[in-house]
Amino acid sequence: DLGEKSLAERISSDNVHKIIEAANHKYRRQIEMIAFTGVRVGELRAATWDQINFGDDKNGATLTIDRAIKKCGKLGNPKTYSGFRTIALDDDLVAMLREWKLSQPIEQRSNNLIFPNREGGVADGDNWRNRGMLPACKAAEVEAVTLRDLRHHFASILIFHGSFTEATVTELMGHTDINFTKKQYATWLKSGKRDKELGQKLTELRRAQ
């Protein structure tokens with residue numbers, strides 16, 4: 001049950017920030033991207049710089065998801081049709097990506113991948129987990145968190161801090177339909193709605209004084 005306190009604690013903002021700070025520099029950016037975009041590992045492994053729109057004075061920066069590395073290792077479409085989506089990027093991610101694009105070693109640029117392996121090919125997701133995520137959790141002295149858990153962290157931001165609708169959460173997470181999102185995050189959605197309504201009530205009461 002994703003509403004259990006144990007998961008919520010493991011992917012708290014404090015823990016996630018500790019993990020990112022403690023991560024090896026070779027994997028820190030990937031961990032940060034998943035935590036704050038909800039992108040799937042296979043989608044990020046396949047992502048190219050062409051999928052990044054850095055925005056301008058009028059338009060915000062975005063990441064467009066239109067491909068993924070499948071379990072078989074081949075390039076294909078996202079997991080489902082709903083996986084085709086555009087995700088807004090916050091300013092910190094934009095700054096990180098701009099810096100990385102400028103500093104990315106020449107030998108890694110041959111296939112235009114954002115986060116390739118050392119030779120520029122598709123990165124190994126197991127390495128991201130075994131050499132990046134797990135050691136980062138250990139170094140941060142927090143309970144182990146998986147890369148998939150980081151997707152849930154992004155969902156928690158949308159639900160608890162952004163007060164987005166269930167339909168928006170479904171769209172940004174790349175879920176097939178809203179019923180799946182409701183089932184996946186039933187407890188969180190209920191709590192998020194309650195907290196929003198309670199906050200509005202408290203605001204009204206305070207201003208009525």
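Residues numbered from 1 in each chain as written. Predicted model: local features only at pLDDT ≥ 70, side-chain atom pairs only at ≥ 80, totals over all residues. Heavy atoms only, no water.

**Q** What is the right way to look at the pairing of strand 2 (residues 62-65) in this model?
**A** Regular strands place their side chains on alternate faces of the sheet. The pairing of strand 1 (residues 52-53) with strand 2 spans two bridges and is antiparallel. Within strand 2, the position partnered with Ile 52 by the bridge is Leu 63. (Pairing = 2+ DSSP bridges. Helix = DSSP H or I, 4+ residues; strand = E, 2+ residues; numbered from the N terminus.)

**Q** Explain the side chain of Thr 48 here, please?
**A** Relative to the helices and strands, Thr 48 is located in the loop between helix 4 (41-46) and strand 1. Not counting residues within four places of it along the chain, the set of residues in contact with Thr 48 comprises Arg 67, Asn 111, Asn 112, Leu 113 and Ile 114. (Contact = heavy atoms within 4.5 Å.)

**Q** Just to check I follow, could you spell out the pattern of salt bridges for this structure?
**A** Oppositely charged side chains may form a pair once their charged atoms are brought near each other. Under the criterion given, the structure shown has seven salt bridges. Residues Glu 99 and Arg 29 are paired through a salt bridge, measuring 3.8 Å at the closest nitrogen-oxygen approach. Taken as a pair, Glu 99 in helix 5 (residues 91-103) and Arg 29 in helix 3 (residues 25-37) lie far apart in primary sequence, 70 residues in all. Taking the shortest distance from any N to any O, the salt bridge between Arg 40 and Glu 43 comes out at 3.0 Å. (Salt bridge = Lys/Arg side-chain N within 4 Å of Asp/Glu carboxyl O.)

**Q** Explain the sheet that holds strand 5 (residues 85-88) here, please?
**A** Picture the strands of a sheet paired through backbone hydrogen bonds; they go either parallel or antiparallel. The three strands lie next to each other as 1-2-5, forming an open sheet whose pairing is antiparallel. Both outer strands of the open sheet, strand 1 and strand 5, are each paired with one neighbouring strand and no more. Summarising the sheet, strand 2 and strand 5 pair through four bridges and their orientation is antiparallel. Bridge pairing links Thr 62 to Ala 88 in strand 5.

**Q** What is the right way to read the side chain of Asn 15 from this model?
**A** Following the sequence through the fold, Asn 15 ends up in helix 2 (residues 13-22). The buried category is assigned to Asn 15, whose relative accessible area is 14%. When sequence neighbours within four positions are dropped, the list of residues in contact with Asn 15 reads Glu 9, Arg 10 and Val 142. (Buried < 20%, exposed > 50% of the residue type's maximum accessible area, 1.4 Å probe, protein only.)

**Q** How do you make sense of the packing of helix 3 against helix 6 (residues 125-140) when you look at a structure like this?
**A** The angle between the axes and the distance between the axes are what describe a pair of packed helices. In contact at an axis separation of 9 Å, helix 3 and helix 6 are set at 90° when each is read in the N-to-C sense. Relative to helix 6, helix 3 is oriented roughly perpendicular. In this structure, helix 3 uses Tyr 27, Gln 30 and Ile 31 to contact helix 6, whose residues at the interface are Asn 127, Trp 128, Arg 131, Gly 132, Met 133 and Ala 136. Here the residues of the contact of helix 3 with helix 6 sort into five nonpolar, three polar and one charged. (Axes fitted to C-alpha atoms, helices over the stretch in contact; angles between N-to-C directions. Parallel < 35°, antiparallel > 145°, perpendicular 65-115°, else oblique. Nonpolar A, V, L, I, M, F, W, Y, C, P; charged D, E, K, R; others polar.)

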